[in-house]
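A structural walkthrough
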Amino acid sequence: LDRWLAHEPFEPTIFERLDALFLTTDTPDAVIVFVDAWTRLGGSQFVNSPSLGRYMDYLCDEVVPFVDARYPTAPTNERRGLQGKSSGGYGALVTAMLRPGVFGAVASHAGDALFECCYLPAFPRVARQLRDQFEGSYEVFHRELAAAPAFDYRRFGEPLELYAYAAAYSPDPDDPARPPRLPFELGTGRLVEDVWAAWLERDPVRMVAGHVEELRALRRIHLEAGRSDEAFLDLGAQALADELSRHGLEHTLELFDGRHGGIAHRYPGSIRELLRALAR
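Described in the following lines is the structure provided in the data block. (Residues numbered from 1 in each chain as written. Predicted model: local features only at pLDDT ≥ 70, side-chain atom pairs only at ≥ 80, totals over all residues. Heavy atoms only, no water.)

**Observations concerning the packing of aromatic side chains**
Inclusion rule: Classification of ring pairs uses Phe, Tyr and Trp, with its six-membered ring standing for Trp, and accepts pairs whose centres are within 6.5 Å; under 30 degrees between planes counts as stacked, over 60 as edge-to-face, and the remaining range as tilted. Helix and strand labels come from DSSP, where a helix needs a run of H or I of at least four residues and a strand needs a run of E of at least two; each type is numbered from the N terminus. The buried label applies to any residue whose accessible area, calculated with a 1.4 Å probe on protein chains only, is under 20% of its type's maximum; exposed applies above 50%, and partly exposed to all values in between.
The tally for this structure, following the rule as stated, stands at 24 aromatic pairs. Judged by centre distance (4.5 Å) and plane angle (40°), the rings of Tyr-119 and Tyr-165 are tilted. You can see Tyr-119 sitting in the loop between helix 4 (115-118) and helix 5 (122-133) and its partner Tyr-165 sitting in helix 7 (residues 153-169), a full 46 residues away along the chain. In terms of burial, Tyr-119 and Tyr-165 fall into one category: buried. Pairing Tyr-165 with Tyr-169 gives two aromatic rings, centres 6.2 Å apart and planes at 10°, and the pair type is stacked. Placement of both Tyr-165 and Tyr-169 in helix 7 is noted, with a separation of 4 residues, approximately one turn of the helix. Residue Tyr-169 is classed as buried on the basis of its relative accessible area, which comes to 3%.

Right under this line is the structure:
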């Protein structure tokens, strides 16, 4: 979690922002916990995957009781919130649906949602990049990534992201040690329909209909995204809000001028709103 301590030029760290939140606003007292769910491929999406690990179980069954046993918390879901950004926002949303009774309020900042907008456009780009730079092979990609003296996002970032998503959403069912199933053909970018369908089942927008009562039990659902989000997660947040409305689920949505990065200044505000809801 060392990255949270890094100073961006002319900006406070997240910990300094939270200090200011509790010192200068009417915010209920709370214990704020930062959870490390990083994996060998990057993010875990905070889900259980035989390829990556049982990160949702880790969050709910290990981190939560660890904190309740050591800090002055109110050990009940009605006083426990969950907030995340990007993959963490996705994790907050799906944890609320798949593990009811652990958290009582959630906030998602640009959480992965509406997969045809946030993921699908990358498939042909990655297929072309693998063809032109890595002999059309993820095996070559991983070999060159391991040998690289530094991580160049322009060269490695997007292919690695899609590979990590596949490890979370579509691991090989017969052998999780094998490469995950990809939702597109490497040679053409053409959709592999059954794998893509498995991904869509993990889309929070599509999950809402099957988890209405779990979501209704929450004290607060808060969604945010920048209007210029590069992965169109503002559209995902809007689609998710529309789906929540369709099922009569209360929520708040804030779209603001911003992109996917550089939005840490938004986090304390949603934490404050969750704490106020949880303190009622």
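There's more to say after this.
**Considerations on the packing of helix 5 against helix 7**
Quick note on the threshold: For helices, the fitted line uses only the C-alpha atoms of the stretch in contact; every axis is such a line through C-alpha atoms, and the angle between N-to-C directions lies from 0 to 180 degrees. Convention used here: angles under 35 degrees read as roughly parallel, angles over 145 as roughly antiparallel, angles from 65 to 115 as roughly perpendicular, and any remaining angle as oblique. Crossing handedness: left-handed means the near helix sits turned counterclockwise from the far one by under a right angle, and right-handed means the same turn made clockwise. Should any heavy atoms of two residues lie within 4.5 Å, those residues are considered in contact.
Where helix 5 meets helix 7, the axes come as close as 10 Å, and the angle between the chain directions of the two elements is 125°. Between helix 5 and helix 7, the angle falls in the class oblique. The hand of the helix 5/helix 7 crossing is left-handed. Packed against helix 5, whose contacting residues are Ala-122, Phe-123, Arg-125, Val-126, Gln-129, Leu-130 and Gln-133, the element helix 7 presents Arg-154, Arg-155, Phe-156, Glu-158, Pro-159 and Leu-162 at the interface.

**Digging into the side chain of Glu-224**
Rules: The term polar contact refers here to a pair of N or O atoms within 3.5 Å; inside protein, the definition further demands a hydrogen-donor-capable atom paired with an acceptor-capable atom, and it admits residues adjacent in sequence only when both atoms are side-chain atoms.
In this fold, Glu-224 is placed in strand 5 (residues 220-226). For Glu-224, a relative accessible area of 3% corresponds to the buried category. Engagement of the side chain of Glu-224 in a polar contact is seen with the side chain of Arg-266, the distance being 2.9 Å. Setting aside anything within four residues of it in sequence, one finds Glu-224 in contact with Ser-108, His-109, Ala-110, Ala-237, Glu-254, Phe-256, Arg-266 and Ser-270.

**Digging into the environment of Ala-127**
On the secondary structure map, Ala-127 appears in helix 5. Judged by its relative accessible area of 6%, Ala-127 is buried. Along the primary structure Ala-127 and Leu-162 are separated by 35 residues, whereas in three dimensions their C-alpha atoms are 11 Å apart. If near-sequence neighbours (up to four positions away) are discounted, Ala-127 is found in contact with Phe-184, Glu-185, Leu-186, Thr-188 and Gly-189.

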